[in-house]
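Spelled out from the first residue to the last, the chains are:
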Amino acid sequence: MATSLIRKQKRTNALIWGWTAFVLVIVYLPILCGALASFNKSRYFGFPIKTFSTDWWDKTLASFEIGMIVKTSILIALVVTVLSVVIATFGALAFARYDWTGRRLYQKLIILPIFFPQPVLGLALLLGFNAVGIQTSWMTAAFAHLVWIVPVVTLVIAIQVYGFDPALEEAAYDLGCSRIQVFREVTLPLLWPGIWSGMLFAFLLSWSNFPLSLYTAGADSTIPKWLYAKMVAGYTPMVPALGTMATLGAAVLLLGGGLVGLLARRRRPA
Amino acid sequence: MLQTMTAPAAEAQPRPILQLVGVRKTFGRFAAVESIDLDVREGEFLTIVGPSGSGKTTLLRMLAGMDTPSEGYITLRGELINDMPANRRPTCLVFQSLALFPHKSVGENITFPLKVKGVSAAARKARALELMKVVRLPPDYFDKNVMKCSGGERQRVALARAFAYDPQVLFFDEPLSALDYKLKKALEKELKDLHRETGKTFIYITHSLEEAMVMSDRIGVMRAGRLVQVGTPEEIYGAPVDRFVSEFVGEVNTIKVKRDGEEWRGVDVDGRFTLRPPADGAALGEAFVVVRPEYMRFLKEGDTADNRLTGTVYNEYSLGSRIQYQIRVGEKVMLVELSRARALPPGSDPVVTIGWDAADAFTLAG
């Protein structure tokens, strides 16, 4: 009886581990393949790799063109992060805290863009920019990213707003705070974890966005757009090299962001 | 025993600290609070009780400055404060949820109102430690995470924070409702002690009359947006103005009676009754005799009582130190409550005679 139970438990554990390993392989193997491809000395990709080298990484890092593209990607992502967090914070407060006519409609309308097919949204925005005579550039791309990312960040921050008792703001006000002091002393610190995740979301979603950038960045290029262009014509192992770098950059940002969040929580009184 | 308490008329009433005149609050067409007049005395512990939805929270929010009356006046020491926002009122509300700032330590919570006022860090800490002593929190809690405090400790932090604001009036929105019974009982007594020690005016709202009885100097009973009765706990219990109040403040036996010449005859039970005249002295054709179960007693051969009924015991409940009997009298069920020491002996005859004196009952208009 006891041995059969133990055997059953062992089998369950084995299945859990097997499944976890399977999922991890499916998710991370392609990224690993990309990384391997970038270390291939030969210009064309094929397994098994005969000679490893870091030549393509060196070339990628040295390329002026890629430097410009990375700068554009970072610029767009930073602009999107700052603007979307500001818009989303107040949007989330309006949406989750205050009751006003049309609130429910607003809640639905603001979520909707998340589900638009992005190529269609990109095309629609491009047509819109053309119609009003705006030259597409990194700025229009940032605008397009905002259309899609603000709703996501609003949702992320709204969860935090729902999570705290409105009486806290009332209590601060009752204890003599001005509206601004209430926001600074209570609302902002309590929303901070949500704002912080919202910032990471905004940056990473913009950083990796391809369809919107393709349509709306005009002559400017971002990392995903450049990767696509080079895949269509002129492949070199710089494509997987830059792709791997972009992925690593995102991973570092995510881990760093998580660590900052963890340290902030630790700093609270014991 | 149950005589109407008459306040000594000669005693000079202190000037009311808070005065409400015709205060009304409507939300759309719904009136949450209907025309309330109330004088709150300096330094008193006033509790507003009422069932949920009676408007007591709305009333409190208007007093605290979180809602504005639709009509009427609220004055604090003679100054009209209808539109004075909460952050400028010298009053403080202890919320039902306590609303302690989870991202701040115990000390930071308590010193918060001082920080807002611009008091120096050293002075803030000194004051916080004083207040922690008043509310019986150990000084090493100053740096403790407020979310790691127990329910009772959090109550104390919330109180200390409110005292740090140095309000002229403190409001309480059922802050004890989430605690377990024993802790609640202990904190009720502590709150009453704190009230006496600090001499501040406390206005407390609750749906629990028991809580109100323990702590208050005066109790106001609310129903459907109106203050039905305001008085000392003894007045509310002993001389309720109507059936709602009489039933809200505890279990009662109510007998409908009709005037029959000089006598009163029972409508739903057989018998003739001697009544104490109703408080308003109106000549009534119909009335309700209301007797609390603890003023009923079993009558033995030869015992005298102004009123008596015969019935059958069909149930008994233990209430801890007391026992409650349910006695069927005709179609009605009457309640008799006794201390355990005076319980009916086991195996005694279920047919009993119960009785009460007119002075122990009260009469309400039909």
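Residues numbered from 1 in each chain as written. Chains lettered and ligands numbered in written order. Predicted model: local features only at pLDDT ≥ 70, side-chain atom pairs only at ≥ 80, totals over all residues.

(A) View of the overall build of chain B. Regarding its fold elements, chain B presents eight helices and 20 strands. For the C-alpha atoms alone, the extent of chain B along its principal axes is close to 75 × 50 × 45 Å. Counting over 366 residues, chain B shows a buried share of 38%. Taking the contacts inside chain B whose residues are at least 6 apart along the sequence as the reference set, 65% of them involve residues at least 24 apart. (Helix = DSSP H or I, 4+ residues; strand = E, 2+ residues; numbered from the N terminus. Buried ≥ 20, exposed ≤ 12 C-beta atoms within 10 Å, placed from the backbone. Contact = placed C-beta atoms within 7 Å.)

(B) Structural detail: the overall build of chain A. Looking only at helices and strands, chain A has eleven helices and zero strands in total. Reading the secondary structure of chain A in the N-to-C direction produces α-α-α-α-α-α-α-α-α-α-α. For 270 residues, the compact-globule estimate of 2.2 N^0.38 gives 18 Å, and the C-alpha radius of gyration of chain A, at 24 Å, exceeds that figure by more than 25%. Taken along its principal axes, the extent of the C-alpha atoms in chain A is 80 × 70 × 35 Å. When the 270 residues of chain A are sorted by exposure, 33% land in the buried category. Restricting the contact set of chain A to residue pairs at least 6 apart, pairs at least 24 apart contribute 76%. (Rg over C-alpha atoms; globule rule 2.2 N^0.38 Å.)

(C) A look at the sheet that holds strand 16 (residues 307–318) of chain B. Pairing in this open sheet of five strands is antiparallel, and the strands run 15-19-16-17-18 (chain B) from one edge to the other. Across the chains shown, the open sheet's two edge strands, defined by having one partner strand only, are strand 15 (297–298) and strand 18 (332–339) of chain B. (Pairing = 2+ DSSP bridges.)

(D) How the structure looks around the UniProt feature "domain: ABC transmembrane type-1" (unreviewed entry) in chain A. In the UniProt entry, the feature "domain: ABC transmembrane type-1" (unreviewed entry) is given for residues 70–264 of chain A. The span residues 70–264 of chain A is 79% helical and 0% strand by assignment, and the distance between its end C-alpha atoms comes to 30 Å. (UniProt positions renumbered as here; feature names shortened; annotations may be inferred.)

(E) Just the packing of helix 8 (residues 179–207) of chain A against helix 11 (residues 238–266) of chain A, in detail. Residues and elements named next belong to chain A. Packing of helix 8 against helix 11 leaves a shortest axis separation of 11 Å and a crossing angle of 180 degrees. In terms of orientation, helix 8 and helix 11 fall into the roughly antiparallel class. Together, Pro193, Trp196, Leu200, Phe203, Leu204 and Trp207 of helix 8 and Ala250, Leu253, Leu254, Gly257 and Gly261 of helix 11 make up the contact between the two elements. Of the residues belonging to the contact of helix 8 with helix 11, the class tally is nine nonpolar, two polar and no charged. (Axes fitted to C-alpha atoms, helices over the stretch in contact; angles between N-to-C directions. Parallel < 35°, antiparallel > 145°, perpendicular 65-115°, else oblique. Nonpolar A, V, L, I, M, F, W, Y, C, P; charged D, E, K, R; others polar.)

(F) Highlighting the environment of B:Arg77. By secondary structure assignment, the location of B:Arg77 is in the loop between strand 4 (71–76) and strand 5 (79–80). Placed 35 residues apart in sequence, B:Arg77 and B:Glu42 show a C-alpha to C-alpha distance of 9.3 Å.

(G) Up close: the sheet that holds strand 1 (residues 16–27) of chain B. If you trace the four strands from one edge of the open sheet to the other, you get 2-1-4-5 (chain B), paired in antiparallel fashion. Because the sheet does not close on itself, it has two edges, and the strands there are strand 2 (30–41) and strand 5 of chain B.

(H) Inspection of the UniProt feature "transmembrane region" (unreviewed entry) in chain A at higher detail. Summarizing the sequence annotation, UniProt attributes the feature "transmembrane region" (unreviewed entry) to residues 12–37, 74–98, 110–132, 138–165, 186–207 and 241–264 of chain A in the numbering used throughout. Regarding residues 186–207 of chain A, the helix share stands at 100% and the strand share at 0%, and the terminal C-alpha atoms are separated by 32 Å.

(I) Just the interface of chain B and chain A, in detail. Contacts between the two partners involve 20 residues from chain B and, on the opposite side, 18 residues from chain A. Put simply, the parts of the chain that give the side of chain B that touches chain A at least two residues each are strand 6 (91–94) and helix 2 (106–117) of chain B. Among the elements that line the side of chain B that touches chain A, the one with the most residues is helix 2 of chain B, at four residues. Among the residues forming the side of chain B that touches chain A, the class breakdown is twelve nonpolar, five polar and three charged.

(J) Expanded view of the UniProt feature "domain: ABC transporter" (unreviewed entry) in chain B. UniProt records the feature "domain: ABC transporter" (unreviewed entry) for residues 18–249 of chain B in the present numbering. Structurally, residues 18–249 of chain B comprises 37% helix and 27% strand, and the distance from its first C-alpha atom to its last is 26 Å.

(K) Quick peek at the domain arrangement of chain A. When the domains of chain A are assigned, the result is domain 1 (15–53) and domain 2 (63–267). Each side of the interface is counted separately: domain 1 of chain A has seven residues, and domain 2 of chain A has seven residues. (Domains from an automatic or database assignment.)

(L) Looking closely at the nonpolar core. A:Val153, A:Ile157, B:Leu63, B:Val94, B:Ala160 and B:Phe171 are the most contacted members of the largest nonpolar core, which totals 114 residues. With 15 residues, the top contributor of residues to this core is helix 6 (residues 138–162) of chain A. Discounting residues that sit within four places of it in the chain, B:Leu63 has contacts with B:Leu18, B:Ile74, B:Thr91, B:Phe171 and B:Ile203. Residues B:Val257, B:Tyr325, B:Met334 and B:Ile354 belong to the second largest nonpolar core, which totals 21 residues. (Core = buried A, V, L, I, M, F, W, Y, C linked by C-beta atoms within 7 Å.)

(M) Quick look at helix 5 (residues 181–198) of chain B. Residue and element names in this part refer to chain B. Between the first and last C-alpha of helix 5 there are 25 Å, a value that for 18 residues agrees with the 26 Å anticipated at 1.5 Å per step. By the burial criterion, the buried members of helix 5 are Leu187, Glu188, Leu191 and His195. Considered in projection along helix 5, the buried side chains sweep an arc of 115 degrees and stay on one side of the axis. Helix 5 presents Lys182, Lys189, Asp193, Arg196 and Glu197 as exposed residues on the side facing more than 90 degrees away from its buried surface. Those residues of helix 5 hidden inside the fold are in contact with strand 3 (45–49), helix 4 (151–164), strand 8 (201–206) and helix 6 (209–215). (Expected span 1.5 Å × (residues − 1). Arc of directions from axis to C-beta.)

(N) Representation of the pairing of strand 11 (residues 253–260) of chain B in the model. All names here are of chain B. With six bridges connecting them, strand 11 and strand 14 (residues 286–291) associate as antiparallel partners. What sits directly across from Ile255, in strand 14, is Val289. Two elements, strand 11 and strand 12 (residues 263–266), share four bridges in a ladder whose sense is antiparallel. Paired with Asp260 across the bridge in strand 12 is Glu263. Linking two consecutive strands that pair antiparallel, namely strand 11 and strand 12, is a turn of two residues; a positive phi of about 65 degrees is found at Gly261 within it.

(O) Representation of the pairing of strand 1 of chain B within the structure. All names here are of chain B. Here strand 1 runs beside strand 2; their pairing, made up of eight bridges, is antiparallel. Counted as the bridge partner of Thr26 is Ala31 from strand 2. Relative to strand 4, strand 1 runs antiparallel, the two sharing five bridges. Considered in strand 4, the bridge of Gln19 is made with Thr75.

(P) Highlighting unusual backbone geometry. All names here are of chain B. At Ser35, a residue that is not glycine, the phi angle is positive and equals roughly 45 degrees. With phi around 45 degrees, Ala224 is a residue other than glycine that occupies positive phi space. Considering the arrangement of structural elements, one finds Ala224 in the loop between strand 9 (218–223) and strand 10 (226–231).

(Q) Structural detail: the confidence of the model for chain B. Residue and element names in this part refer to chain B. Overall, the prediction assigns chain B a mean pLDDT of 88, with 94% of residues at 70 or greater. Across residues 1–10, where pLDDT falls below 50, the model places ten contacts with residues more than four positions away in sequence or in other chains. Interface confidence for the predicted complex, expressed as ipTM, amounts to 0.80; the pTM equals 0.79. (pLDDT = per-residue confidence, 0-100.)

(R) Quick look at helix 10 (residues 223–232) of chain A. Residues and elements named next belong to chain A. Considered for burial, the residues of helix 10 that qualify are Ile223, Pro224, Lys225 and Trp226. Of the surrounding secondary structure, the elements contacted by the buried residues of helix 10 are helix 3 (64–96), helix 9 (211–216) and helix 11. Looking one or two residues beyond helix 10, the residue adopting positive phi is Gly234, at roughly 90 degrees.

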